[in-house]
Protein chains: 2
Amino acid sequence: MPTTVFSSLAEFSEIMAAMPQPNAQAQTDAQARDAALTKPPGALGRLEDISIWYAGWRGEAAPQVTSPQVLVFAGNHGVVAQGVSAFPAEVTAQMVMNFEQGGAAINQLCDLAGAKLTVHAIDLDKPTADFSLAPAMSESELVSALATGWNAVDTSTDLLVTGEMGIGNTTSAAAICTALFGGEAEDWVGRGTGVDDAGLAQKAEVVSKAIALHGDILADPLQVLRHLGGRELAAMAGAIARARMEKIPVILDGFICSAAAAVLAATQAGALDHCLAGHVSAEAAHKQVLKELGKAPLLSLGMRLGEGSGAALAINIVKAALACHSGMATFDQAGVSES
Amino acid sequence: MPTTVFSSLAEFSEIMAAMPQPNAQAQTDAQARDAALTKPPGALGRLEDISIWYAGWRGEAAPQVTSPQVLVFAGNHGVVAQGVSAFPAEVTAQMVMNFEQGGAAINQLCDLAGAKLTVHAIDLDKPTADFSLAPAMSESELVSALATGWNAVDTSTDLLVTGEMGIGNTTSAAAICTALFGGEAEDWVGRGTGVDDAGLAQKAEVVSKAIALHGDILADPLQVLRHLGGRELAAMAGAIARARMEKIPVILDGFICSAAAAVLAATQAGALDHCLAGHVSAEAAHKQVLKELGKAPLLSLGMRLGEGSGAALAINIVKAALACHSGMATFDQAGVSES
């Protein structure tokens, strides 16, 4: 599939409506292989489910994971003017430099996972509009950010992680969740990088105000993304959609990544069938987003860093699942008696 | 420390009573380093706790994990004559051959983790006595199995996993837990490699009978291991004790490994302070053992294979923790503004 195949939200929606499905024969073959391996049936637990799921998306009964990619998108948010973050907005650009110099957590996690890390800083000098006062992005800005994500996917990769950096973006994610899933702003805001009680109350007030301001247009999930999102959230959505088109399995990261992915799920049922939840973060609402998405997290380690860090840590679990599935001997091969 | 430093259970107990403690200065230094890294405080969750804990045991403020070892011990159990397993006893030796030929799950997981796998088949042609009728081992048999584990640890390793293979050994582990922690046999038996309801009831009956048979001698934890254990359980206990003497951190595997480790904890308070719980298995009672040991598992993926598989999968999490801790830039180094 060529790059940049959409130039409007309507075209993006059309692509989403024609998403490919997994290969049923590969899944069946993988299931049969799993049953023949030298272990009691089901003894590898979720690793077995992951293997069969992955085999379906890759269209092979016994694949391996050899070329993971971690994409980190960075964006700045006008809403930081409302005092919603514990860190100043300049940290977004400073952390991008830290990624480029290899000093961040995600650098170490990618090295360990054998994953290629690619960082896209998206118009950091042009923050989105303060969404408590105006739509965060114009349609063309949103389409451009979606396309940045779409085009960033290396189509030779066999497992994708999307992560983010953007001071203020837990407030954006909370607003998106409030718009998509309902409830009160208080249900979806959290401490992010570490706001105090007053900061938390301020985040809830900003989100409530934005939901009231934008009104009925928020019934359309892509308009939710445009009005309340950020460039890095849109880019993650674009990359996850592209991965689907290329049948590249995806590991979702934390709250912000999951909120961006939720826009796709709300746009098209089943849009995240090629995605696993890498972890559940300590950001309070993430657990609820995963519940809404029907995704059980692979890890629960109290992480809340973003950068794709939780999902990058989960790469090894998917690798392990396929290493066992595709590398183990069968009962016949090993001469082991069955039960 | 030289190999084979004990020749009786009394001497083993003496060694246990003089276990080394972690280096407090290294822990303090690691805590200070953690606070300076380019992330919000606490944002790496349990990875931060693991790093500081690991630094203490290794006596270095910023160590890495470079040489993990996975030890798998295999033993046979006389109690299989009571019909407690879904697989025949010959599978123990067949699986040892599978380990040696590289066909088992643990082989794939060790390759992925960069861990050295060492397999010790312990007197497979001499099953322990049926513990529902007699003590499983003599004192000299137990001392010999403890020494096998003790001597199997490569002292140049910096992270140890102990795993096992032994048809019938979930029944042995359930009996040990009943003796150590109390409650009914029904609370501690589970489906193991896959027994049906009748098999499960039979396991509970066998365990109840054994507890009644051996009586008061089970007040001594090492006698619990001798009367109800197996050679591979004793070897795991010996290896975990040796790791403590060498200040090598350990990742515990599933129910059987945890039951063996629990013998050490019951012998000497704090005996497992150098151990993490790698995962919680699907074997029902494992969760309860971990609660008794005060260990929160790193992974919960429904695995129940043994072989050290869950702990081997968790090696990457410990590696990741130290890779972040020791590899990340500080706020000062990266020129990132603090909150």
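Asks: How would you summarise the overall build of chain A if you had to cite specific residues and measurements?
Replies: Each helix and strand counted, chain A has 15 helices and five strands in total. In terms of C-alpha radius of gyration, chain A reaches 20 Å, essentially the compact-globule figure of 20 Å for 339 residues. Residue burial in chain A is summarised as follows: out of 339 residues, 61% are buried. Considering only intrachain contacts with a sequence separation of at least 6, the fraction spanning at least 24 residues in chain A is 80%. When the accessible area of chain A is evaluated, it comes to approximately 11000 Å², of which 49% is carbon and sulfur surface. With 19 positive and 35 negative side-chain charges, chain A shows a separation of 3 Å between the mean positions of the two kinds.

Asks: Tell me about the packing of helix α5 (residues 105–113) of chain A against helix α14 (residues 309–327) of chain B, residues and numbers included.
Replies: Close contact between α5 of chain A and α14 of chain B brings their axes to 9 Å; oriented N to C, the two are set at 140°. With respect to α14 of chain B, the axis of α5 of chain A lies oblique. The crossing of α5 of chain A and α14 of chain B is right-handed. In contact with Ala105, Gln108, Leu109 and Leu112 of chain A of α5 of chain A, α14 of chain B contributes Asn316, Lys319, Ala320, Ala323, Cys324 and Gly327 of chain B. In terms of residue class, the contact of α5 of chain A with α14 of chain B is made up of six nonpolar, three polar and one charged.

Asks: Tell me about the confidence of the model for chain A, and please be specific about residues and values.
Replies: With 99% of its residues at a pLDDT of 70 or more, chain A has an overall mean of 97. The ipTM, which scores confidence in the relative placement of chains, is 0.97 for this predicted complex, and the corresponding pTM is 0.97.

Asks: Now, about the sheet that holds strand β4 (residues 250–252) of chain A: what can you tell me, with residues and values included?
Replies: Residue and element names in this part refer to chain A. The parallel open sheet is built from five strands, whose spatial order is β2-β1-β3-β4-β5. Of all the strands in the sheet, just β2 (116–121) and β5 (275–277) have a single pairing partner and so form its edges. On average, each strand axis in the sheet is inclined to that of its neighbour by 25°, with strand direction left out of account. By the bridge criterion, seven bridges tie strand β1 (residues 68–74) to strand β3 (residues 159–165) in an arrangement that is parallel. Paired with valine 70 across the strands is valine 161, a residue of β3. With respect to the sheet, helix α4 (residues 90–100) is in contact with β1, β2 and β3, its orientation differing from that of β3 by roughly 140°.

Asks: Help me get a handle on the side chain of threonine 162 of chain A, residues and values and all.
Replies: Residues and elements named next belong to chain A. Within the fold, threonine 162 resides in strand β3. For threonine 162, a relative accessible area of 0% corresponds to the buried category. Each residue touching threonine 162, except ones within four places of it in the same chain, is listed here: Leu71, Met236, Ala239, Ile240, Ile251, Asp253, Cys257 and Gly308.

Asks: Now, about the relation of the copies chain A and chain B: what can you tell me, with residues and values included?
Replies: Of the transformation placing chain A onto chain B, the axial shift is 0.0 Å and the rotation is 180°, giving an RMSD of 0.0 Å. Viewed as a symmetry operation, the transformation between the two copies matches a two-fold axis. Across chain A, the rotation axis passes nearest the C-alpha of leucine 299 of chain A, at a separation of 3.3 Å.

Asks: An account of the pattern of salt bridges is requested, with residue identities and associated values reported.
Replies: One pass over the full model with this rule turns up 14 salt bridges over all chains. Between lysine 39 of chain B and aspartate 34 of chain B there is a salt bridge, and its shortest N-O distance comes to 3.5 Å. Take lysine 39 of chain B: its relative accessible area is 4%, and that puts it in the buried class. In the salt-bridge network here, residues are joined through shared partners; they are Asp34, Lys39 and Glu48 of chain A.

Asks: Please set out unusual backbone geometry residue by residue, giving values where relevant.
Replies: All names here are of chain A. In the Ramachandran plot, aspartate 123 falls in the positive-phi region, its phi being about 45° despite a non-glycine side chain. The residue aspartate 123 is located in the loop between β2 and α6 (139–152) in this model. For aspartate 123, a relative accessible area of 35% gives the class partly exposed. The phi torsion at glutamate 307 lies on the positive side, around 65°, for a residue other than glycine. As for its position among the elements, glutamate 307 is in the loop between α13 (286–293) and α14 (309–327).

Asks: With reference to specific residues and values, describe helix α5 (residues 105–113) of chain B.
Replies: Because each turn of an α-helix spans 3.6 residues, side chains separated by three or four positions in sequence point in the same direction. Most of α5 of chain B is tucked away: seven of the nine residues are buried. Listed as buried for α5 of chain B are Ala105, Ile106, Asn107, Gln108, Leu109, Cys110 and Ala113 of chain B. Those residues of α5 of chain B that are buried lie in contact with α14 of chain A together with β1 (68–74), α4 (90–101), β2 (116–121) and α14 of chain B. Immediately downstream of α5 of chain B, the backbone of glycine 114 of chain B shows phi near 65°, a positive value.

Asks: Describe the packing of helix α6 (residues 139–152) of chain B against helix α11 (residues 231–245) of chain B, listing the residues and the values that go with them.
Replies: Residue and element names in this part refer to chain B. Relative orientation of the contacting elements α6 and α11 amounts to 50°, with a least axis distance of 6 Å. In terms of axis orientation, α6 runs oblique to α11. In this structure, the crossing between α6 and α11 has a hand that is right-handed. Together, Glu141, Leu142, Ala145, Leu146, Gly149, Trp150 and Asn151 of α6 and Arg231, Ala234, Ala235, Ala237, Gly238, Ala239, Ala241, Arg242 and Met245 of α11 make up the contact between the two elements. A class-by-class count of the residues in the contact of α6 with α11 yields ten nonpolar, three polar and three charged.

Asks: Outline α11 of chain B, supporting the account with residue identities and numerical values.
Replies: With 15 residues, α11 of chain B extends 21 Å between its outermost C-alpha atoms, agreeing within 8% with the 21 Å of an ideal straight helix rising 1.5 Å per residue. Looking at the residues trailing α11 of chain B, positive phi occurs at lysine 247 of chain B, about 55°.

Asks: Account for the environment of threonine 171 of chain A, with residues named and values stated.
Replies: Residue and element names in this part refer to chain A. Mapped onto the secondary structure, threonine 171 falls in helix α7 (residues 169–181). Residues threonine 171 and glycine 270 lie 99 residues apart in sequence; the distance between their C-alpha atoms is 26 Å. In contact with threonine 171, not counting residues within four places along its chain, are Val84, Phe131, Lys203, Val206 and Val207.

Asks: Help me get a handle on the state of the cysteines, residues and values and all.
Replies: Going through the model one piece at a time under the given rule, you end up with zero disulfides over all chains. Cysteine cysteine 110 of chain B remains unbridged, with the sulfur of cysteine 324 of chain A as its closest cysteine sulfur at 10.0 Å. Take cysteine 177 of chain B: it sits in no disulfide, and the sulfur closest to it among the cysteines is that of cysteine 257 of chain B, at 11 Å. For cysteine 177 of chain B, a relative accessible area of 0% translates into the label buried.

What counts, and at which threshold
- Residues numbered from 1 in each chain as written.
- Chains lettered and ligands numbered in written order.
- Predicted model: local features only at pLDDT ≥ 70, side-chain atom pairs only at ≥ 80, totals over all residues.
- Heavy atoms only, no water.
- Helix = DSSP H or I, 4+ residues; strand = E, 2+ residues; numbered from the N terminus.
- Rg over C-alpha atoms; globule rule 2.2 N^0.38 Å.
- Buried < 20%, exposed > 50% of the residue type's maximum accessible area, 1.4 Å probe, protein only.
- Contact = heavy atoms within 4.5 Å.
- Areas by Shrake-Rupley, 256 points an atom, 1.4 Å probe, with all protein chains shown as cover.
- Lys, Arg positive; Asp, Glu negative; His and termini not counted.
- Charge placed at Lys NZ, Arg CZ, Asp CG, Glu CD.
- Axes fitted to C-alpha atoms, helices over the stretch in contact; angles between N-to-C directions.
- Parallel < 35°, antiparallel > 145°, perpendicular 65-115°, else oblique.
- Left-handed = near helix turned anticlockwise from the far one by under 90°.
- Nonpolar A, V, L, I, M, F, W, Y, C, P; charged D, E, K, R; others polar.
- pLDDT = per-residue confidence, 0-100.
- Pairing = 2+ DSSP bridges.
- Least-squares fit on C-alpha atoms with pLDDT ≥ 70 in both.
- Salt bridge = Lys/Arg side-chain N within 4 Å of Asp/Glu carboxyl O.
- Expected span 1.5 Å × (residues − 1).
- Disulfide = S-S within 2.5 Å.

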